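Survey of secondary and tertiary structure
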Amino acid sequence: MSHLTTETFDSNARAALVDTQLRGALRNATSLFGKRRLAAARGLENWEDLRTQARAIKDDVLLHLDRYLEEFVSNAEQRGAKVHWARDASEANQIVCDLARQQGVRNVVKSKSMVTEEIHLNDALQASGMEVIETDLGEYIIQLAGEAPSHIIVPAIHKTKGQIAELFTAKLGIEPTDDVDKLTSVARNVLRQRFANADLGISGVNFAVAETGTILILENEGNVRLTTSLPKVHIALMGIEKILPRFVDLDVFLKLLPRSGTGQQLTTYQSLITGTKRRPEDEGPEQLHIVLLDNGRSRMLAHPTTRQALACIRCGACLNACPVYQQIGGHAYGSVYPGPIGAVITPQLIGLGKASQLPYASSLCGACREVCPVKIDIPELLLHLRAEITDRKQEQEQAGGRRQEQAGGRRQEQEAGGSFKKRTGERFAFRLFAAVMTRPRTYEFSVKVGRLLQRSIVRRGKIGRVGGMLAQLAPPLGAWTNARDMRPIAESTFREQWRAGLRDDTDPGSDT
Amino acid sequence: MAARESILRSIREHLVASAPHDVVHAEKGDEQSELTLDIGHPNGDRLSASVGVQNDGARSLIEVFGANLEAVGGHCIVARSEAEVIEALNGIIASLQDSPLRGRTIALSNAPLLERLMARVETRVDEIAVSPSAAELFDYDVGISTAQAAIAETGTLMIDSEAERHRLVSLVPPAHIAIVDAANIRLTLGETLATASQGPELSPTITFITGPSRTADIELTLAIGVHGPQELYVVVNEGPPLTNS
């Protein structure tokens, strides 16, 4: 499944929809986390205040990101950390590989980090001859299977314990078992060996505090603590947007993130790391390197709407709440960041042309906005990106035939990151819709015609696949009713009823 | 340096590009894009309300701490004197010895208190080592340390790397026993963060621990003790403070 790309979203999604095991697992996970999140949020009387405050803090950070980054760097370096800046994925990979080579590293242990998935760091390290082991249980499972994470919080949510047992039997030579405790303890023992031999630990960062130069990492398993305590070198990678101004701001975000992600009051462990150890005999790594990654993030600052996406704290709540994600899971998005937030971040990171289907992977129901702990208006962002895609398509089409012969044409197409799917029919339909809806006479006439035309296809008050009977619209409109029911046009419209003398005759005093 | 300058330049240029849009949003009264931000103080009264098991006045901080710790699978034992702390250690080690976790070999952090207490623990053990090396630590059954603070509303311990060598003792062995003075329990996370950042310098590593290590990565089934301890015992000392001595 790891070969899925953003460009083939439509077919990825279709494949996921017929995978009943996947859909069962997704249903369990998303509803469980949804319920837990709700219960945890209700446990705090000031949840809404916290969300507002968190967003205000993030807005402040993003509007002064340059200043806060410099403050963070200066404080972290004063306390012994070394900070590196990477404009893009290849620079970041180069920095990490160079550091590893200088230290003579052979064995790398990693804790879960989205940003290292984003830049494909494991491939780069392996190409440099190093062995890299993911130590988060879920990540370890999918690394063994050669797959990609399908959920931000539960990366192997798409696999059953039976499949995991088979995998462990094949790769680790254990006796077949479907006991989760046994499988977990097998992984613990295998990974303990890896920890004992590791000479480099790589982690992500949840929050970085400008005021103190502190990085904070949350987890439940303990592998982050092992990764950041045992090897002699620790490299932490973070997007430039992870900054918080003050140490006390952690209070707000530590209340929001675990509750939104897993419904916990706090995850089991928080590691707050401020520089390197002070005495050689102290525990912990000798060196701490922090890699700050841009990779398209600074571009998102250019508009208040797109900038919102940088407030994301990667809790995964919007995935669990999303009716689209609930049905298709993370792989179909073909990107490291799935779900609603993935649909708005991915096109901005890799280019709209390469992920032009993702902003459409939403019903715009707003559930994501409702649950987001930092109040990102994801539907607004989706519409913003859709508008941008439409604008670019028009530009492309206008450039049209004459562009093909021009040398500049190819460059333009590359800048857009590929070509956009033509939606001429769709645009015609929307123009027609707009024309009808803005002219009352035309509208009433269309309603009458529609009512006549629909007679042959309405079954039990619906248009669609009703009780096995085919009651579909003809193509191309049939594409809609193929998988959905549609309400037919009413026998008489509200306007007609009003003209016929309908009045509000309900008595507000007696609504029983 | 080239990357640093170019990223900072890109940030500034894009923020400048955004300014006209920001003004439009602000005029429309879009609260999410307001340019003047009144952030307030995260630890303001309104925001430090307690969570989880509430401290309703009738319950002490210790009770709230204990209830929240038990809720995440940890064990809380309250002791009213040094003698009771030793009795608690005795009981915990004996019960570990009756379990698959063995409890025969004990690794202590370098807090002098622990050696003193263990000398008076009657349960027989095979070995007690003070601050063994990282490599050796993998073979120990139990790790014992103190904790520098605790958070009642979440059942959380705070360990501070400047206070003692307990980063690995609290993590690597399958059972962890921590001793915390009742006087060091705070109600909220916010208060504890404020305490942690009081000194002139933050310690290089501060770790918050809430219950035993856990995962639900396989079919969302809870499994305890995946990388860290499977059992976490906290002995709260209500008597005269022990851990600051």
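What you are looking at is a predicted structure, and each value in this text was computed from that prediction instead of being measured.

Scoring rules and cut-offs
Numbering of residues begins from 1 in every chain and follows the order in which that chain's sequence is written. Labels are handed out in written order, letters beginning with A for the chains and numbers beginning with 1 for the ligands. Local features are withheld for residues below a pLDDT of 70 in this predicted model, meaning they are given only at 70 or higher, and side-chain atom pairs are given and counted only at 80 or more; totals for whole chains, interfaces and linings count all residues. The secondary structure listing takes helices from DSSP runs of H or I that are at least 4 residues long and strands from runs of E that are at least 2 residues long, numbered from the N terminus. Our exposure labels follow a C-beta count within 10 Å of each residue's own C-beta, placed from the backbone: buried means 20 or more other C-beta atoms, exposed means 12 or fewer, and partly exposed covers the counts in between. Contact between residues is assigned whenever the C-beta positions, reconstructed from backbone atoms, fall within 7 Å. A pair of strands counts as paired when DSSP detects no fewer than two bridges linking them. Axis lines are fitted through C-alpha atoms, for helices just across the contact stretch, and the angle between N-to-C directions can take any value from 0 to 180 degrees. The scheme is simple: roughly parallel for angles under 35 degrees, roughly antiparallel for over 145, roughly perpendicular for 65 to 115, oblique for anything else. Think of it as three bins: nonpolar holds Ala, Val, Leu, Ile, Met, Phe, Trp, Tyr, Cys and Pro, charged holds Asp, Glu, Lys and Arg, and polar takes everything else, Gly as well. All domain edges in this entry derive from an automatic or database-based domain assignment. pLDDT is a per-residue confidence score from the predictor, ranging from 0 to 100.

Turning next to the overall build of chain A. Of regular secondary structure, chain A possesses 23 helices and twelve strands. Principal-axis analysis of the C-alpha atoms places the extent of chain A at approximately 90 × 60 × 55 Å. For chain A, with 512 residues in total, the buried portion stands at 49%. Counting contacts in chain A only where the partners sit at least 6 residues apart, residues at least 24 apart contribute 74% of the total.

In this section: the overall build of chain B. Helices and strands together make up the secondary structure of chain B, namely six helices and twelve strands. For chain B, with 245 residues in total, the buried portion stands at 48%. Taking as baseline every contact in chain B between residues at least 6 positions apart, the subset at least 24 positions apart corresponds to 71%.

With that out of the way, let us pick up the interface of chain A and chain B. When the parts of a complex come together, some accessible area is lost, and that lost area is often used as the size of the interface. On the chain B side, the residues contacting the 83 residues of chain A number 64 residues. With nine residues, the single largest contributor to the side of chain A that touches chain B is helix 3 (residues 47-63) of chain A. As paired elements, strand 9 (residues 269-274) of chain A and strand 9 (residues 205-209) of chain B share five bridges and run antiparallel to each other. For Leu272 of chain A, the partnering residue across the bridge sits in strand 9 of chain B and is Ile206 of chain B.

Attention now goes to the packing of helix 20 (residues 424-437) of chain A against helix 21 (residues 440-454) of chain A. Residue and element names in this part refer to chain A. The N-to-C vectors of helix 20 and helix 21 enclose an angle of 110°; their axes lie 6 Å apart at closest approach. Judged by the inter-axis angle, helix 20 sits roughly perpendicular to helix 21. Facing Ala435, Val436 and Met437 of helix 20, the residues of helix 21 in contact are Thr442, Tyr443 and Ser446. Class assignment of the residues belonging to the contact of helix 20 with helix 21 gives a composition of four nonpolar, two polar and no charged.

For chain B, the domain assignment lists domain 1 (2-33) and domain 2 (56-237). Taking the mean C-alpha position of each, domain 1 of chain B and domain 2 of chain B sit 47 Å from one another.

Time to look at the confidence of the model for chain B. Residues and elements named next belong to chain B. Put simply, chain B has an average pLDDT of 88, and 85% of its residues get 70 or more. In the predicted structure, residues 29-55 sits below a pLDDT of 50 and forms 62 contacts with residues beyond four places in sequence or in another chain. For this predicted complex, the interface confidence comes out at an ipTM of 0.90, alongside a pTM of 0.88.

Bringing the sheet that holds strand 6 (residues 214-219) of chain A into the picture now. Read from one edge to the other, the open sheet built from eight strands follows the order 8(A)-5(A)-6(A)-9(A)-9(B)-6(B)-5(B)-8(B), with strand pairing classed as mixed. Every other strand in the sheet has two partners, leaving strand 8 (243-244) of chain A together with strand 8 (185-186) of chain B as the edge strands with one partner each. Two elements, strand 6 of chain A and strand 9 of chain A, share six bridges in a ladder whose sense is antiparallel. Across the sheet, residue Leu218 of chain A finds its bridge partner in strand 9 of chain A, namely Gln270 of chain A.

This brings us to the environment of His14 of chain B. The residue His14 of chain B is located in helix 1 (residues 2-27) in this model. With residues up to four places along the chain from it excluded, the contact list for His14 of chain B reads Ser298, Arg299, Leu301 and Ala302 of chain A.

In this section: helix 2 (residues 61-71) of chain B. All names here are of chain B. Of the positions making up helix 2, those classed as buried are Val64, Phe65, Gly66, Asn68 and Leu69. Buried residues in helix 2 make contact with strand 1 (75-79), strand 5 (149-151), strand 8 and strand 12 (231-237). Following helix 2 by one or two positions, Gly73 has its phi on the positive side, about 95°.

As a further point, take the confidence of the model for chain A. A residue-level look at chain A finds 90% of positions with pLDDT of 70 or above and a mean pLDDT of 90. Considering only residues more than four positions removed or in separate chains, one finds that residues 407-417 of chain A, a stretch of pLDDT under 50, has 13 contacts.

Residue and element names in this part refer to chain B. Across the sheet, six strands lie side by side as 1-12-7-4-2-3; this open sheet has parallel pairing. Two strands bound the open sheet, and with one partner strand each, they are strand 1 and strand 3 (127-130). In this sheet, adjacent strand axes meet at a mean angle of 20° when their direction is disregarded. Where strand 4 (residues 142-146) lies against strand 7 (residues 175-181), five bridges are found, and the strand directions are parallel. Considered in strand 7, the bridge of Gly143 is made with His176. Contacting strand 1 and strand 12, helix 2 runs over the sheet at an angle of about 155° to strand 1.

Here we take up the domain arrangement of chain A. When its domains are assigned, chain A resolves into domain 1 (1-43 + 316-422), domain 2 (65-299) and domain 3 (425-499). On a C-alpha basis, the centres of domain 2 of chain A and domain 3 of chain A stand 53 Å from each other.

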